[in-house]
Every structure is written in structure tokens, then in C-alpha cells.
Amino acid sequence: MKKSIMVWAASAVLYLGVVIAGYSVYASMNPKAGEHTDHTAATVQEEEAVDNQSNHDSHGSHGAAAPSEITRTVSYVNGEIIIELKDKNNHAPELEVSHEKNMHLIVVSSDLQEYHHLHPEKKSAGVYQTKVNLADNSYKVFVDIKPKGLNYSVEPIELHVGNIPNEHGGNDLVADMEFTKTINGQTVDLTTRSFEVNKEITLNFNVKDAKPDRYLGALGHVVILDEGGEKYIHVHPVADDKTVFGTQFAKPGIYKLWAEFKFGGQVNVYPFVIEVKK
């Protein structure tokens, strides 16, 4: 009996030695074999780190805005601009009121010389219209709306009116040297003189002792476009009783702004060309 136990124990020790030796040989020929478990854990951690960095970058850039869930069709027929809106399910979206209107429509000529701020009226589900006299030209149209419960970003829409050349020249904007403008007898001075990228900019307009009438719920409005007519910024006053506006520019370059003030029942539009520096 004792002999059989000793034989079994010796066999077990021998077998264990063979297994250990065999694994040592295998490991020496495949050095990464012993790292498999740790490598899997590291991969998961790296993926989580990438996801966390991605979320951080998205948050830090203020956004990369989510894809728009509204499609817009703009046409010009018989002196009227017609805007058709549809959501992702091909339904007419519900619009929230923003500064007393459901829709603010900004129309500028491609050379940024002609400017219109319009408020189309709803004609049927998802269809809005407004009258405006547009000369034959290429235009950029900005449909400024707040669809209820849907993502939306304001981007330019090309609109061609009448017979125009297939190619049109770029803009020849030059930054203003004079920041005092007089429209319909009322003078407005943009007292801000320095514009720098990635800094909070205060646009201060001196209305020369006159007080503007309230217009669309505020004392004024400012629309800004970059030189290419691609970047759209719609700015409102920082306070109800001031003609002071706050904004920020993400890139240096030439920009054109239109400041709108209402005096004696008439809306005056004051254009300024500014240079934003690094």
C-alpha cells in the first residue's frame, strides 16, 4: 500500500515538472502569451480614455452643435420669399416665439452690400411667406428660428434671383476707419475700436442722446457675418435699457455688422465693417 502511494506521488511530481517545463518553453517562444490578460484590460482603459477625451473636447468647444433636424427650402416667386420647413419625419415643426416673432429672416446679397431683416408670416403648415423686392443677384438667406424640441443651427442658403452670371466675384470689404454713421438724420457711433479673437467683445453704440424705440422686444439688434457670408451671429443687448451688445469671434478676419435701431417708428440699419485680429 505504501509502495503504491509513493509511486503515485512520484508520478504526480514528474507530471507537474513536465507541465512547468513545457509552459516555460512555450512562454520563451511566445513572450506575449503571459501578457494577454493585462493587455485586454489596458485596451478597455484606453478606449474609455478616448471616449472621455472626446466628451471633454465636445464640451470644451461649446459645441459642436448636433446635426440640424430641420430641412429648409427657400424660393423667390413674384416678389415673395417662400420658406418651407420640415422636420426629420417630414412634418411641419412647431416654432417658438423669439423676440416677438416665430421667424427672423436675414437676406444679404453675396457681396454683403444689400441687407434685409424680414419676418415671414405663416401661410400653412410649415410654409412661411414675406414680400420683398430683390434685384437680380445672388443672395445668402439665414432662417433664424427656434423649433420646439428639435436641434437646429442657422446656416446660409444660396438664393439666385433673375439672370445673373454663373460666377460672381468675392467681397471687397475693407475695415472702416470711420465708425460714425448717419441714417435718416439720426447719428450712431460705434465706440468700440478694438476687436480681438476669442475674447468677449462689447459693442457699444452711442445713439447721440436719443433713445431708440423698443423694437422686437429690445432697444436694438445686431447681425454679424464673416467676409464669406458663412458665419452668422445674431446679437441682442446685454440689458433692456442699453444699446450695448456682447459677442465673441472664433476666427480673425473681416466681418460686417448691421446694427438696427428704431427711431420715431422707423427702423434704421447702420452697417459697419470691422477687422478682428489675433
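Structure's up top.
What counts and what doesn't
- Residues numbered from 1 in each chain as written.
- Predicted model: local features only at pLDDT ≥ 70, side-chain atom pairs only at ≥ 80, totals over all residues.
- Heavy atoms only, no water.
- Helix = DSSP H or I, 4+ residues; strand = E, 2+ residues; numbered from the N terminus.
- Buried < 20%, exposed > 50% of the residue type's maximum accessible area, 1.4 Å probe, protein only.
- Contact = heavy atoms within 4.5 Å.
- Areas by Shrake-Rupley, 256 points an atom, 1.4 Å probe, with all protein chains shown as cover.
- Salt bridge = Lys/Arg side-chain N within 4 Å of Asp/Glu carboxyl O.
- Pairing = 2+ DSSP bridges.
- Axes fitted to C-alpha atoms, helices over the stretch in contact; angles between N-to-C directions.

Chemist: What should I look at first to understand the overall build of the protein chain in this one?
Modeler: Along the protein chain, the regular secondary structure elements total two helices and 16 strands. The 278 residues of the protein chain split such that 36% are buried. Within the protein chain, residue pairs in contact and separated by at least 24 positions form 59% of the contacts whose partners lie at least 6 positions apart. Summing over all exposed atoms, the protein chain offers an accessible surface of approximately 17,000 Å²; the carbon and sulfur share of this is 51%.

Chemist: Explain the pattern of salt bridges here, please?
Modeler: Tallied over the entire structure, the rule returns seven salt bridges. Put simply, Glu-69 and Lys-88 hold a salt bridge, and the shortest N to O gap is 3.0 Å. Of this pair, Glu-69 sits in the loop between helix H2 (36-60) and strand S1 (70-77) while Lys-88 is found in the loop between strand S2 (80-87) and strand S3 (104-109), placing the two residues 19 residues apart along the sequence. Looking at Lys-88, the relative accessible area reads 58%, which means it is exposed. Where Asp-176 meets Lys-181, a salt bridge forms, and the shortest distance between an N and an O atom there is 3.3 Å. Assessed through its relative accessible area of 18%, Asp-176 is described here as buried.

Chemist: Even after reading the chapter, I still don't get the sheet that holds strand S16 (residues 266-276), so can you show me in this structure?
Modeler: What links the strands of a sheet is backbone hydrogen bonding, and the strands pair in either a parallel or an antiparallel sense. Judged by pairing direction, the sheet is antiparallel, and its four strands sit side by side in the order S13-S12-S15-S16 without closing on themselves. The open sheet has two edge strands, strand S13 (232-235) and S16, and neither has a second partner. If you compare each strand with its neighbour and ignore which way they point, the axes differ by 20° on average. With four bridges connecting them, strand S12 (residues 221-226) and S13 associate as antiparallel partners. Residue pairing in the sheet places Ile-224 in a bridge with Ile-233 of S13.

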